[in-house]
Amino acid sequence: MELMMEDLMEEVIQRGGSDLHLSAGLPPYIRISGKLTPTDHEPMTPEQCQRLIFSILNNNQRKIFEQNWELDCSYGIKGLARFRVNVYKDRGTVAACLRALPSKIPSFESLNLPPVVREMSEKPRGLVLVTGPTGSGKSTTLAAMIDNINRTRAEHILTVEDPIEFVYEPQKSIIHQRQLNEDTRSFANALRAALREDPDVILVGEMRDLETIQLAVTAAETGHLVFGTLHTSSASQTVDRMVDVFPPEQQQQIRVQLSSSLVAVFSQTLVKRKNPKPGQFGRVMAQEIMVVTPAIANLIREGKTPQIYSAIQTGGKYGMQTLEKVLADLYKKGECTYEDAISKTSKPEELQRLIGGGTAPTGAKPAH
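Residues numbered from 1 in each chain as written. Predicted model: local features only at pLDDT ≥ 70, side-chain atom pairs only at ≥ 80, totals over all residues. Heavy atoms only, no water.

1. Looking at the overall build of the protein
Piece 1. Counting secondary structure elements, the protein contains 15 helices and 13 strands.
Piece 2. Computed over its C-alpha atoms, the radius of gyration of the protein comes to 21 Å, within 12% of the 21 Å expected for a compact globule of 368 residues.
Piece 3. Structurally, the protein occupies a C-alpha span of about 65 × 55 × 40 Å along its principal axes.
Piece 4. Taken across its 368 residues, the protein has 50% of its residues classed as buried.
Piece 5. Sequence separation of 24 or more characterises 56% of the internal contacts of the protein that already satisfy a separation of 6 or more.
Piece 6. When the accessible surface of the protein is totalled, it reaches about 17,700 Å², and 49% of it is carbon and sulfur.
Piece 7. Averaging the locations of the 42 positively and 43 negatively charged side chains of the protein gives two centres separated by 4 Å. (Helix = DSSP H or I, 4+ residues; strand = E, 2+ residues; numbered from the N terminus. Rg over C-alpha atoms; globule rule 2.2 N^0.38 Å. Buried < 20%, exposed > 50% of the residue type's maximum accessible area, 1.4 Å probe, protein only. Contact = heavy atoms within 4.5 Å. Areas by Shrake-Rupley, 256 points an atom, 1.4 Å probe, with all protein chains shown as cover. Lys, Arg positive; Asp, Glu negative; His and termini not counted. Charge placed at Lys NZ, Arg CZ, Asp CG, Glu CD.)

Written as structure tokens, this is what we have:
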């Protein structure tokens, strides 16, 4: 019987998977609780794999893929889930990765997000960044924040995404969702136009280049609440990354702009849960939180980003927390193993100090 994409997607959801990988010469693989697991299907020929992947693409998407050899899009099955799809070339064959997106937008409570995350979504203006590696739940955290605004405030929310992940049903707010290559040609184009579309809240799916970052900061400065994502692993690294995108002669100016417009940075990662209970996610989120106080704004303006970590350590009364503090708490509660905690930190000595000075078991390596 011929393998159908809908059947594989259903299998991903039934098994609690997060990603589906399709490659020629291999059976389909599913990532479950962070671990790649082969399915029981036969290895696919290059022709089978291409046919399977192309079955969910429209003519325009196939054309873009054939021109660029890469494609980001989304695909939904009513009543099951939506998937974020990336199609790419692998040694001359077609391969794909599909990320399962919950059909229901999760609440702050179900994600176990600290109260300060909700507080930041209630700000009238400013730049809020959610950062972390691919697959760390950035889109999910942002969706909970946008959904909170949608349910509680009458605002015009404008999102620019590649591709659209969560689909919002307007409640108190008006929501317009624009997808790259379908509704706009670039993030920068969409952001430039956004400022003339009377938005209150703008979500930028990814801040990839100088122009997008500059426009997002300008939008935050001119009275909009702007949400964005970056692939950085800490709050101080996020500030450095945004500044380093600019040429040297503009870096002081962007530091000044960031010091006045940046509201908070949430840098998150997912840690494998030690003994998940039935119905629990297989991974638990650890989140570093930086809230921009006058002291942190001053450090950003003066280019003293290495001192931001110390400011986060002492900023508990503002809702701040370091990643190491969260990882140590998860380990002490028995939520994760020492090895998994240490693999997520770039400051292993600090984590060991917080745990109580234990030495790392053999094979436990810090993140870099």
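So, next bit.
2. A few points about the side chain of glutamate 165
Piece 1. Among the structural elements, glutamate 165 can be located in the loop between β8 (156-161) and β9 (174-179).
Piece 2. Of note is the side chain of glutamate 165, whose polar atom sits 2.8 Å from the side chain of serine 139. (Polar contact = N/O pair within 3.5 Å; in protein donor to acceptor, adjacent residues only side chain to side chain.)

3. Some words on the packing of helix α13 (residues 323-332) against helix α15 (residues 348-355)
Piece 1. Closest axis-to-axis distance for the α13/α15 pair is 9 Å, and the angle between their directions is 45 degrees. The pairing of α13 with α15 is recorded here as oblique in orientation. Handedness of the crossing formed by α13 with α15: right-handed. Across the interface between the two elements, Glu324, Lys325, Leu327, Ala328, Tyr331 and Lys332 of α13 pack against Glu350, Leu351, Leu354 and Ile355 of α15.
Piece 2. Broken down by class, the residue content of the contact of α13 with α15 amounts to six nonpolar, no polar and four charged. (Axes fitted to C-alpha atoms, helices over the stretch in contact; angles between N-to-C directions. Parallel < 35°, antiparallel > 145°, perpendicular 65-115°, else oblique. Left-handed = near helix turned anticlockwise from the far one by under 90°. Nonpolar A, V, L, I, M, F, W, Y, C, P; charged D, E, K, R; others polar.)

4. Let's talk about the pairing of strand β11 (residues 225-230)
Piece 1. Taken across its six residues, β11 has six buried, putting it largely inside the fold.
Piece 2. By the bridge criterion, six bridges tie strand β7 (residues 126-131) to β11 in an arrangement that is parallel. Each bridged residue has a counterpart across the sheet, and for valine 128 the counterpart in β11 is phenylalanine 227.
Piece 3. At this point the chain moves from strand β10 (residues 201-204), through helix α8 (residues 210-221), to the parallel β11, and the crossover so formed is right-handed. (Pairing = 2+ DSSP bridges. Right-handed = clockwise from strand over helix to strand, strands pointing away.)

5. A closer look at the sheet that holds strand β3 (residues 35-38)
Piece 1. The antiparallel open sheet is built from six strands, whose spatial order is β3-β2-β1-β6-β5-β4. Of all the strands in the sheet, just β3 and β4 (70-77) have a single pairing partner and so form its edges. Strand-to-strand, the axes of this sheet are offset by a mean angle of 25 degrees, without reference to chain direction.
Piece 2. Relative to strand β6 (residues 93-101), strand β1 (residues 17-22) runs antiparallel, the two sharing four bridges. Residue pairing in the sheet places aspartate 19 in a bridge with arginine 99 of β6.
Piece 3. Against the sheet, helix α1 (residues 5-14) contacts β1, β2 (29-32), β4, β5 (81-90) and β6, and its axis sits at roughly 145 degrees relative to β1.
Piece 4. Of the strands in this sheet, β4, β5 and β6 are in contact with helix α3 (residues 59-68), which crosses β4 at around 155 degrees.

6. Remarks on the sheet that holds β11
Piece 1. Here seven strands make up an open sheet; going across it, the order is β9-β8-β10-β11-β7-β12-β13 and the pairing mixed. The outermost strands of the open sheet, each flanked by one partner alone, are β9 and β13 (283-291). The average angle at which neighbouring strand axes cross in this sheet is 15 degrees, direction not considered.
Piece 2. Strands in contact with helix α9 (residues 235-244) are β7, β11, β12 (262-272) and β13; relative to β12, the strand with the most contacts, it is inclined by about 120 degrees.

7. Let's talk about the environment of threonine 152
Piece 1. Within the secondary structure layout, threonine 152 lies in helix α6 (residues 138-152).
Piece 2. At 2.6 Å, the side chain of threonine 152 forms a polar contact with the backbone oxygen of asparagine 148.

8. Quick notes on the state of the cysteines
Piece 1. The full count for this structure, using the stated rule, is zero disulfides.
Piece 2. Here cysteine 97 stays unpaired: no disulfide links it, and the sulfur of cysteine 73, its closest cysteine neighbor, is 12 Å away. (Disulfide = S-S within 2.5 Å.)

9. So, unusual backbone geometry
Piece 1. Residues aspartate 162 and proline 163 are joined by a peptide bond in cis, for which omega reads -10 degrees.
Piece 2. Within the secondary structure layout, proline 163 lies in the loop between β8 and β9.
Piece 3. At tryptophan 69, a residue that is not glycine, the phi angle is positive and equals roughly 65 degrees.
Piece 4. Mapped onto the elements of the fold, tryptophan 69 is located in the loop between α3 and β4.
Piece 5. The class for tryptophan 69 is exposed, based on a relative accessible area of 53%.
Piece 6. Look at aspartate 198: it is not a glycine, yet its phi comes out positive at around 55 degrees.
Piece 7. Inspection of the secondary structure assignment puts aspartate 198 in the loop between α7 (187-194) and β10.

This is a description of form; function is not addressed.
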